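Below are the chains, spelled out letter by letter.
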Amino acid sequence: MLVPRSHPRAASLHIRERLVHGYRKGLVVEEGLLAHGRGEMFDYLMGEKTLKTSHDAVKAASRMLLLAKRPVISVNGNLAALCPREIVVLARASGAKIEVNLFYASEKRKKAIAGVLKRSGAKEVLGLDARCSQKIPNLDSARRVVDERGIFIADVVLVPLEDGDRTEALKRFGKKVITFDLNPMSRTAQAADITIVDNVTRGMQLLIKSCRKMKKCRLGKNFKFDNKKNLSRSILAIKNNLGRMAHA
Ligand code: ATP
């Protein structure tokens, strides 16, 4: 049974502090703080716990990453501030490349993010040099510019905390998209192939564990995951939790 609360728990306060620290270090922009607030609200409604449906999505995502030929983790400021070490560990566990891709891009911010990733153990970070010059068609803003060794040729892209325009553009460009999004109704959540409705700080750790476990198994090439159905089940789980909160 999930317990209702009138104020955020220590875990969510700790996550906020990491984000504010990232803001002060130049990784996160003001808009990123606002996007986090939206996510936090959904996390509150979920009881700040991973849903059963999110565990199912994590399993499917690890499978998709391990079966991919050229998987890439797309990193923005919020993700780098919240889980730099997990990005590096997941890249190792899944064989994915790491690419910095920002909505509000500047060389200074890209460098700050790459620096954090490198200090967390990343050997290679894409999206920084002259080879980051290819474009995702039909997309405005700096996010359309991608690395020719990374997202441009990727078959599977993990885009945590993404906005709908870019997710839809990646889909039109033929990529399989996995996302973390606390809001199961966002355009990104709805457009992705696999949506992990969970706080990225919990979900990344689960995804790493699942990749490590799945690596030891023989994976069949074909697997089915009904993202829309799983999202509907997630929305229902949140609704039920709300009902419990209201009647507690
Ligand atoms: P869309 O364009 O996809 O409809 P949006 O306009 O809400 O979504 P953004 O403002 O870019 O897009 O927000 C990014 C998304 O990330 C939001 O849906 C928010 O719920 C989610 N989010 C924020 N923080 C976290 C977090 N820590 N873990 C998981 N999801 C998060």
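The rules behind the values
- Residue indices follow the written sequence of each chain, beginning from 1 at its first position.
- In keeping with the predicted nature of the model, local features appear solely for residues at pLDDT of at least 70, side-chain atom pairs appear and are counted solely at 80 or more, and the whole-chain, interface and lining totals rest on all residues.
- Values reported for side chains reflect all heavy atoms of the structure, with hydrogen atoms and water molecules removed beforehand.
- We define proximity as follows: a residue is near a molecule or strand when any one of its heavy atoms falls within 4 Å of that partner.
- Under this definition, polar contacts are N or O atom pairs within 3.5 Å; protein pairs additionally need one hydrogen-donor-capable and one acceptor-capable atom, and for neighbouring residues in sequence, both atoms have to be side-chain atoms.
- Each accessible area is a Shrake-Rupley estimate made with a 1.4 Å probe; only the visible protein chains count as cover when residues are assessed.
- Paired strands, as defined in this entry, are two strands with at least two bridges between them according to DSSP.
- For the purposes of this entry, the term helix denotes a DSSP run of H or I that reaches at least four residues, the term strand denotes a run of E that reaches at least two, and both are numbered from the N terminus.
- For helices, the fitted line uses only the C-alpha atoms of the stretch in contact; every axis is such a line through C-alpha atoms, and the angle between N-to-C directions lies from 0 to 180 degrees.
- Between Lys or Arg on one side and Asp or Glu on the other, a salt bridge is scored when a side-chain nitrogen of the former is within 4 Å of a carboxyl oxygen of the latter.
- For every residue, the accessible area obtained with a 1.4 Å probe (protein chains only) is divided by the maximum for its type, and the residue is called buried under 20%, exposed over 50%, and partly exposed between those limits.
- Buriedness for pockets is judged along seven lines, at least five of which must meet protein on both sides within 12 Å for an open set on the 1 Å grid over protein atoms alone, while cavities are sets there where a 1.4 Å probe fits but cannot get out, and lining residues have an atom within 4 Å of a point.
- Grid points are joined across faces, edges and corners, and a volume is the space filled by probe spheres set on the points.
- All amino acids are sorted into three groups, where Ala, Val, Leu, Ile, Met, Phe, Trp, Tyr, Cys and Pro are nonpolar, Asp, Glu, Lys and Arg are charged, and the leftover types, Gly among them, are polar.
- Ring pairs shown here join Phe, Tyr and Trp side chains whose ring centres sit within 6.5 Å, with only the six-membered ring taken for Trp; geometry is labelled stacked below 30 degrees between planes, edge-to-face above 60, and tilted in between.

A. View of the site of the ligand. The environment of the ligand is formed by 18 residues, the closest being Gly164, Asp181, Arg187, Thr188 and Val200. In this structure, leucine 182 approaches the ligand through a main-chain N or O atom, which is 3.1 Å from a nitrogen atom. Within the contact set of the ligand, an oxygen atom lies 2.9 Å away from a backbone nitrogen or oxygen of arginine 187. With the chains in place, 86% of the 640 Å² that the ligand exposes on its own is no longer accessible.

B. Main features of the sheet that holds strand β1 (residues 71-75). Read across the sheet, five strands follow the order β2-β1-β5-β6-β7 without closing on themselves; strand pairing throughout is parallel. Unpaired on one side and paired on the other, β2 (97-100) and β7 (194-196) mark the two borders of the sheet. Strand-to-strand twist across the sheet, computed as the mean angle between neighbouring axes with direction ignored, equals 20°. Bridge count between strand β5 (residues 156-158) and strand β6 (residues 176-180): three bridges; the pairing is parallel.

C. Broad picture of the pattern of salt bridges. Under the definition given, this model contains 14 salt bridges. Salt-bridge contacts for arginine 131 lead to glutamate 148; the nearest nitrogen and oxygen are separated by 2.6 Å. You can see arginine 131 sitting in the loop between α6 (107-119) and β3 (134-135) and its partner glutamate 148 sitting in the loop between β4 (145-146) and β5, a full 17 residues away along the chain. Residue glutamate 148 is classed as partly exposed on the basis of its relative accessible area, which comes to 27%. Among the salt bridges present, the one from aspartate 147 reaches arginine 149, with a minimum N-O distance of 2.8 Å. Here the salt bridges share partners, and the residues they tie into one network are Asp43, Asp198 and Arg202.

D. Representation of the layout of surface pockets in the model. A volume near 860 Å³ is recorded for the largest pocket. Lining the largest pocket are 33 residues, with Ala35, Asn76, Leu161, Glu162 and Asp163 sitting closest to its centre. Mapped onto the lining of the largest pocket, the elements with two or more residues apiece are α2 (30-45), α4 (77-82), α7 (164-172) and α8 (187-191). With eight residues, the top contributor of residues to the lining of the largest pocket is α2. A class-by-class count of the residues in the lining of the largest pocket yields 11 nonpolar, 12 polar and 10 charged. Reported here for the second largest pocket is a volume of approximately 250 Å³. Along the walls of the second largest pocket sit Met64, Leu67, Ala68, Asp155, Val156, Lys176, Asp193, Ile194, Lys221, Phe223, Lys224 and Phe225, which together make up its complete lining.

E. Quick peek at the packing of aromatic side chains. By the definition in use, this model includes one aromatic pair. Judged by centre distance (5.7 Å) and plane angle (45°), the rings of phenylalanine 152 and phenylalanine 173 are tilted. Residue phenylalanine 152 is found in the loop between β4 and β5, and its partner phenylalanine 173 is found in the loop between α7 and β6; the two are separated by 21 residues along the sequence. Judged by its relative accessible area of 26%, phenylalanine 152 is partly exposed. The exposure class of phenylalanine 173 is partly exposed, given its relative accessible area of 28%.

F. Representation of unusual backbone geometry. A positive phi angle, near 50°, is found at glutamate 48, a position not held by glycine. Within the element layout of this structure, glutamate 48 appears in the loop between α2 and α3 (52-67). Using a relative accessible area of 8% as the deciding quantity, one classes glutamate 48 as buried. Phi is positive for leucine 161, which is not a glycine, with a value near 55°. Classification of leucine 161 as partly exposed rests on a relative accessible area of 30%.

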